[in-house]
Amino acid sequence: MKNPKYICYYINRGYMIKELNKQYKLNKKSILNILLIIFVIGGIFGFIYETIFYKIDLGYFTKRGSTYGPWIPIYGFGSLLIILTTIKYNKKPLLVFLISTLVTGILEYLTGYILLNTFNLRLWDYNNEILNFGNINGFICLRSVLFFGISGLLLMYFILPTVIKIYKKSNKRLFNTISIILSTLFILDIIIYRCLHM
């Protein structure tokens, strides 16, 4: 695996876009709209996962996340981070799993730490949950990062290829319009919720 300092270089040089173009033969506009849909799908996937998990943990349904809609931002951003860091290695599932586990664990820990220490906001606390072995300060635990690693495999080997297949077979204008509308709603939801709950 390349040195982590090159991640900024990859982003600045459009590395992820180049790699997706090389593997799937898509132009930049197509890739951008596909990534916007992946961002939304990731957020919705996280909302569904947490709704089910906390129903098991608490015994009743509870609205999860820091938005009004059925999506959780960290899962959307995590999905994009997984693609960014694993796209070059998608012929090596074990490496995809390990990288996904590592980068999402770092993302979750840093997000939780920054929210708590900058905004005095705690959105999750693994200290108070079931299956919280490997818990580090309530921000991450082994169960969560292993789930994110498995989710990375699902993303790279099923969700991303399926979305690309749908894109190639669909009306491009319609797909692009839907991706822009949904991702804009998601981002506005994040902003509005934060502004009203600060």
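Bear in mind that the values here come from a model prediction, so they are computed numbers and not experimental data.

Chemist: Where do I start with the pattern of salt bridges in this structure?
Modeler: Side chains bearing opposite charge may pair, as long as their charged atoms lie close to each other. What the rule picks out here adds up to four salt bridges. Where Glu19 meets Lys22, a salt bridge forms, and the shortest distance between an N and an O atom there is 3.7 Å. Here Lys22 and Glu19 lie together in helix α2 (residues 15-24), a separation of three residues that amounts to about one turn. For Asp125, the salt bridge is made with Arg122, and the minimal N-O distance between the two is 3.6 Å.

Chemist: Would you explain a nonpolar patch on the surface in this entry?
Modeler: Nonpolar side chains collect at one region of the surface, where Ile44, Ile48, Ile52, Ile56, Ile130, Leu131, Phe133, Leu142 and Leu146 lie side by side and expose about 780 Å² of accessible area between them. When contributions to the nonpolar patch are tallied by element, the ones reaching two or more residues are α3 (28-58) and α6 (142-169). At four residues, the largest contribution of residues to the nonpolar patch is made by α3. Here Ile52 lies in helix α3.

Chemist: What is the right way to read the side chain of Ser66 from this model?
Modeler: Mapped onto the elements of the fold, Ser66 is located in the loop between α3 and α4 (73-86). According to the relative accessible area criterion, Ser66 is buried, its value standing at 12%. Once residues within four sequence positions are removed from consideration, Ser66 is found in contact with Pro73, Leu123, Tyr193 and Arg194.

Chemist: Honestly, the packing of helix α5 (residues 93-119) against α6 in this entry has me stumped. Any pointers?
Modeler: Angle between the axes and distance between the axes are the two parameters that describe a pair of packed helices. Closest axis-to-axis distance for the α5/α6 pair is 7 Å, and the angle between their directions is 125°. The orientation of α5 with respect to α6, classified from their angle, is oblique. The crossing of α5 and α6 is right-handed. Contacts between α5 and α6 pair Pro93, Val96, Phe97, Ser100, Thr101, Thr104, Gly105 and Glu108 from the former with Ser144, Val145, Leu146, Phe148, Gly149, Ile150, Gly152, Leu153, Met156 and Tyr157 from the latter. Among the residues forming the contact of α5 with α6, the class breakdown is 10 nonpolar, seven polar and one charged.

The rules behind the values
- Residues numbered from 1 in each chain as written.
- Predicted model: local features only at pLDDT ≥ 70, side-chain atom pairs only at ≥ 80, totals over all residues.
- Heavy atoms only, no water.
- Salt bridge = Lys/Arg side-chain N within 4 Å of Asp/Glu carboxyl O.
- Helix = DSSP H or I, 4+ residues; strand = E, 2+ residues; numbered from the N terminus.
- Patch = residues over 30% accessible without salt bridge, like charges linked within 9 Å, V, L, I, M, F, W, Y side chains within 5 Å.
- Areas by Shrake-Rupley, 256 points an atom, 1.4 Å probe, with all protein chains shown as cover.
- Buried < 20%, exposed > 50% of the residue type's maximum accessible area, 1.4 Å probe, protein only.
- Contact = heavy atoms within 4.5 Å.
- Axes fitted to C-alpha atoms, helices over the stretch in contact; angles between N-to-C directions.
- Parallel < 35°, antiparallel > 145°, perpendicular 65-115°, else oblique.
- Left-handed = near helix turned anticlockwise from the far one by under 90°.
- Nonpolar A, V, L, I, M, F, W, Y, C, P; charged D, E, K, R; others polar.

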